[in-house]
Amino acid sequence: MLWTRWLVLLLCWGATSGEQQADESDGAPPRQRSPPPVEPLDFGFVPAAVYDTHAYYEPGPIGILFHMVHAFLYAIQPNPFPKEMIVKVIQQNMGGIKIEEWRKPDNVVLLLQWIYYEVGFLTCATIGITFVVLIPIIGMCFCVCRCCENCGGEMHQRQRKNADCQRGFYTASLVATSIFIILGVLIAYAANHNVTTQIKSTRRLINTNMRDLKTFANNTPAQVEYLTAQYTTAKNKVLSDLDNIGPLLGGRIHSQLEKEVVPSLDTALRMAGAMRETKEALENVSSSLEVLQEGTAKLQASLSGERASLSNTLSDPACTNGAVSHTCNTIRSTLAQLGINADFSELPDVSHALANVNTVLKTDLSNIVQKGYSSFNDTPKLVHEQTKNIVSGVKGMLDKIGTEINSFSKMFPVQESLVNFTNFLNQGQKNIESYYSQVDQLDFYRWIGCVAALCMVVLVLAFNTLGLLCGACGYDKQATPTTRGCLSNTGGNLLMAGVGFSFIFAWVLMAIVTTLFVVGGNVEKLICEPLANRQLFKIIDTPFLVHPAKKNFLPGMLFQNPNIDLTLGSLYRDCHENNGLYHSLQLETMFNINSFLNRTVYNKDLAKVFESVQVDLQDIMLLEQAGRDNLINFANSGVGEIDYEAYLAEVNKGVTLVDLLSFSTDLEAQADQLPRGALENALKGHASSIRQIHREQVVPMLQAMKYVRARSTLSQSIKQLQRMSNNLPVKVTNILSAIDAAEYLITHNASHVVKRETKGYIQSLEGYFKQYREWVKNSLTAEVAQCKPISNIVDSMEIVACSFIVDSVNTFWFGLGGCCILLIPSIIFSVKLAKYYRRMDTEDVFEDGQEGWN
């Protein structure tokens, strides 16, 4: 039917390809780093179908009887399932069974193999047929023989000493036999009743399976629609990434280039800070130098005056005296020590370098470097501006693809197909339900027939039971065989009646048992057991079973293509696991939607648009020319030409050449060696003046905060300047070289970085579509159009045919067959026992008048 094909196409339209796209170039160089991981998308859950059928059967207590029958059949037929033999039979007889073909040696061997396989059933069937044939003959012969007063028909009972033991033995044996017959009747009746009970349960299985098929048909379009709707999830994520192409792609490019760019700008920015520190250090040197020069100038003047005055004193004529001249000469030789040690007035001036640095600082290098940072950090914005047109074009293409996907499902007559399929199911269910009354009627007739067969056995049991009761109750040990009571005689007659009915019914019952045994046993061994262990599927799935040119039966029947690797076993297994119909039927071989998804979800046109994404970074400028000139001017400011060693040498010197206190003390000691007089007093006066200079000028320079701070600041600033100015031109050259290299990298060599990051960005966009395709593939495999109802139908058929019917039929003939077999000892024991209960015509009489009936 045409609508069924449309429905199959609808179920399979959402398939996706699991194959990965091949690389465009086999010789592409390996990537230097792996692409960034693609963010996983959440497509939610496909609306799941809930099926009502639970294809599982637990027989309950009667299962024990089923196991007994299975064990009996296994004992009769222990051979494994003849798969190869059945395949050969089918293949040789697909063109029709011809008698002359069986005369061929191969077919004769095949027939012998089949007979060997069926030897257990054939043996039992032969026994049953023999029973059916012989029992009527034996019964007729037995009847004729008894009519001729033979075979126990003579109404005379001979005297035996162990008569009571024999009667007791026959009674117990008949009772035991009757009990076993009753068990057989109960087993057969339970099996018969189980068929009727389970046939009613069959309606529930039919209803739930039909309901599941309707659920399957009604829920599948909604599942397919959900698959198509989830394309929006992938599309929206791609659109979101396209809207954020600046931060995403530009950010990746920025992060890759910043390893080279940012360090060069950082060094320039640190150099701008060094300029300000240099200015501060030069200012500190200038101010500290003024303070120290002021203090040392006053001290130099005082010491020079004192030295001149002392020299005049030593020029006194008194010093020419022979005894005094030596002392005066000694004092005169130390006059040169009266002077300052650290002379800051001779140090070079730093005002010129300070002026140059101030000129350099008029240009804000930090601001220029910050512009370079800003220009480089604007890479995401630059990328966004340059890809604006591409992004808008991609959005239009994605909207068109979404329209194509949504419109594709509308190409199929979904509603019409669903209506036709639902009507087909409803009509099928009505047709099945129309047979319910006939099935019930036929089952009633079957039940009546089985009960009638059991009633035959029950009738024999009734005669046996009544005969035992009457015979046992009416038996009198004191009575002779000819004087037995009426009740005892009735018991014997009832037992013989049971024997007669046994001969009448046994062969009929055995014919029924043999027929049911041969049919039911072979159905169990050749159909039910192979169906339970799935061996039957292997026969149907045998390649070239139906036709030598047709490999597989199932796809040839469904799709007219027997070469598809689809088997009934794989279909059942996938459906039993509740997988999707698309995967189970391998519908991609019939209607491949993969090519459609490859043409639409991520087609070549969209790939070309993505590949056309290009980013130009030549507009990025890290350092303006003014900044470069500023760095060069700073290098040429003269900071590096200052004699820092001279400054450090003067700073490390003491205030005076000699300790003035020691000098004044020595001067007084030498004055004491002179004769008393004016010269002595004058020298002591000079010693006092030197102490005063030390106290008023040297001590303040050593201890006053003003001079201490000036000296410390001068020392630290000189050291700082010396450190910063060390190889200053080289440092500036290195900074400019690093910036030039970074700019060259951006403008010339960044293309491979841009291509790599652009490729990674495009791969992330492709990854969203791949996720969608993989999700569709997995959903079609496991969630869409779950074909559990198909396996449920097979399981339900197995339950109804095998568990409900075949097992019950086999149990019925098992119980009834046991009754038939037990009728033979029942006949023997009844005949023997009836002799002790029936009234005889004659008896043994002894001469002494005593009879041996005790």
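Scroll up to find the structure this text is about.
Just so it is clear, the structure is predicted and the values come from calculations on it, not from any experiment. (Residues numbered from 1 in each chain as written. Predicted model: local features only at pLDDT ≥ 70, side-chain atom pairs only at ≥ 80, totals over all residues. Heavy atoms only, no water.)

Trainee: What should I look at first to understand the overall build of the protein in this one?
Mentor: Counting its secondary structure elements, the protein contains 30 helices and two strands. The buried share of the protein, reckoned over its 854 residues, is 45%. By sequence separation, contacts in the protein at least 24 residues apart represent 90% of the contacts at least 6 residues apart. (Helix = DSSP H or I, 4+ residues; strand = E, 2+ residues; numbered from the N terminus. Buried < 20%, exposed > 50% of the residue type's maximum accessible area, 1.4 Å probe, protein only. Contact = heavy atoms within 4.5 Å.)

Trainee: How should I be thinking about the packing of aromatic side chains in this particular structure?
Mentor: Ring pairs (aromatic) are described by centroid distance and by the angle formed between their planes. With the rule as written, the count across this model stands at 20 aromatic pairs. When the ring of Phe169 is compared with that of Phe829, the centres are 6.4 Å apart and the planes differ by 85°; the resulting orientation is edge-to-face. Of this pair, Phe169 sits in helix α6 (residues 163-229) while Phe829 sits in helix α30 (residues 788-837), and the two are 660 residues apart along the sequence. A network of ring pairs unites the aromatic residues Phe43, Tyr226, Tyr231, Tyr772 and Trp775 as a single cluster. Of note, Arg203 hangs over the ring of Tyr436, and the distance from its end group to the ring centre comes to 4.8 Å. (Phe/Tyr/Trp six-rings, centres within 6.5 Å; stacked < 30°, edge-to-face > 60°. Lys NZ or Arg CZ within 6 Å of the ring centre and 35° of its normal.)

Trainee: Would you mind going over helix α16 (residues 486-532) with me for this structure?
Mentor: Owing to its 3.6 residues per turn, the α-helix brings residues three or four apart onto one side. With 47 residues, α16 extends only 60 Å from end C-alpha to end C-alpha; this falls clearly short of the ideal 69 Å at 1.5 Å per step. Along its length, α16 shows its largest kink, about 40°, at Glu524. Where α16 ends, the next residue or the one after it, Arg534, has phi of about 65°, a positive value. (Expected span 1.5 Å × (residues − 1). Bend = angle between axes of the 7 residues up to and from the residue.)

Trainee: Got a minute to help me understand α30 in this structure?
Mentor: Relative to the 74 Å expected for 50 residues at 1.5 Å per residue, α30 spans 68 Å between its end C-alpha atoms, a close match to the ideal helical length. The largest bend along α30 measures about 30° and falls at Val806.

Trainee: Sorry, what's going on with the environment of Val806 here?
Mentor: As for its position among the elements, Val806 is in helix α30. Under the relative-accessibility criterion, Val806 is labelled buried at 11%. Considered as a pair, Val806 and Gly520 are 286 residues apart in the sequence and their alpha carbons are 6.1 Å apart. Filtering out sequence-adjacent residues up to four positions away, Val806 remains in contact with Gly520, Val523, Glu524, Cys528 and Ala801.

Trainee: Looking at this structure, how should I read the state of the cysteines?
Mentor: Simply put, disulfide is the name for a covalent bond between the sulfur atoms of two cysteines. As enumerated under the stated definition, the model contains two disulfides in all. Disulfide pairing is shown between Cys528 and Cys802; the S-S distance is 2.2 Å. The disulfide joining Cys528 to Cys802 has a torsion of about -90° about its S-S bond and is therefore left-handed. Taken together, the residues Cys528 in helix α16 and Cys802 in helix α30 connect sequence positions 274 residues apart. The class for Cys528 is buried, based on a relative accessible area of 5%. Judged by its relative accessible area of 7%, Cys802 is buried. Covalently, Cys575 is tied to Cys787 through a disulfide, its sulfur atoms 2.2 Å apart. Residues Cys575 and Cys787 are joined by a disulfide whose S-S torsion is about -105°; by sign, that bridge is left-handed. Of this pair, Cys575 sits in helix α19 (residues 568-576) while Cys787 sits in the loop between α29 (751-782) and α30; the two residues are 212 residues apart in sequence, bridging distant segments of the chain. For the residue pair Cys575 and Cys787, the accessibility class agrees, reading buried in each case. (Disulfide = S-S within 2.5 Å.)

Trainee: Sorry, what's going on with the side chain of Glu524 here?
Mentor: Counting through the fold element by element, Glu524 comes out in helix α16. With no salt bridge to any partner, buried Glu524 finds its closest opposite charge in Lys525, at an N-O distance of 7.1 Å. Ignoring any residue separated from it by four or fewer positions in sequence, one finds Glu524 in contact with His70, Leu73, Glu529, Pro530, Val806, Asp807 and Asn810. (Lys, Arg positive; Asp, Glu negative; His and termini not counted. Salt bridge = Lys/Arg side-chain N within 4 Å of Asp/Glu carboxyl O.)

Trainee: Just to check I follow, could you spell out the pattern of salt bridges for this structure?
Mentor: Any two side chains of opposite charge can pair, on the condition that their charged atoms come close. Tallied over the full model, the rule gives six salt bridges. Between Arg203 and Asp440 there is a salt bridge; the shortest N-O distance is 2.1 Å. Of this pair, Arg203 sits in helix α6 while Asp440 is found in helix α15 (residues 436-474), placing the two residues 237 residues apart along the sequence. With a closest N to O distance of 3.6 Å, Arg534 and Asp795 form a salt bridge. With a gap of 261 residues between them, Arg534 in the loop between α16 and α17 (535-540) and Asp795 in helix α30 connect regions that are remote in the sequence. Classification of Arg534 by relative accessible area gives partly exposed; the value is 23%. The class of Asp795 is buried, set by a relative accessible area of 6%. Taken together, the shared-partner salt bridges in this structure form one network comprising Arg534, Asp795 and Glu798.

Trainee: Would you mind going over unusual backbone geometry with me for this structure?
Mentor: Generally, phi is negative for residues other than glycine and the peptide bonds are trans, each holding for most cases. Residue Asn578 is not a glycine yet carries a positive backbone phi of 65°. Relative to the helices and strands, Asn578 resides in the loop between α19 and α20 (581-584). What makes Asn578 partly exposed here is its relative accessible area of 22%. Positive phi, normally seen in glycine, also occurs at Ala785, with a value near 55°.

Trainee: Can you help me understand the environment of Val285 in this one?
Mentor: Secondary-structure assignment places Val285 in helix α8 (residues 245-314). C-alpha of Val285 to C-alpha of Ser351: the two residues are 66 residues apart in sequence and 9.6 Å apart in space.

Trainee: Just to check I follow, could you spell out the nonpolar core for this structure?
Mentor: Among soluble globular proteins, nonpolar side chains are generally buried collectively. Leu242, Met271, Leu282, Leu398 and Trp775 are the most contacted members of the largest nonpolar core, which totals 77 residues. Those residues in contact with Leu282 that lie beyond four places of it in its chain are Val350, Ala353, Leu354, Val357, Val639, Ile642 and Leu721. If you look at the next biggest cluster of nonpolar residues, it comprises 45 residues, including Phe121, Tyr170, Ala188 and Ala506. (Core = buried A, V, L, I, M, F, W, Y, C linked by side-chain atoms within 4.5 Å.)

Trainee: Would you take a moment to explain the side chain of Lys525 for this structure?
Mentor: One can find Lys525 in helix α16. Residue class for Lys525 comes out buried when judged on its relative accessible area of 6%. At 3.2 Å, the side chain of Lys525 and the backbone oxygen of Gln77 are in polar contact. For Lys525, the side chain forms a polar contact with the side chain of Glu529, separated by 3.3 Å. The contacts of Lys525, once residues within four sequence positions are left out, are Leu73, Tyr74, Gln77, Phe81, Tyr117, Phe121 and Pro530. (Polar contact = N/O pair within 3.5 Å; in protein donor to acceptor, adjacent residues only side chain to side chain.)

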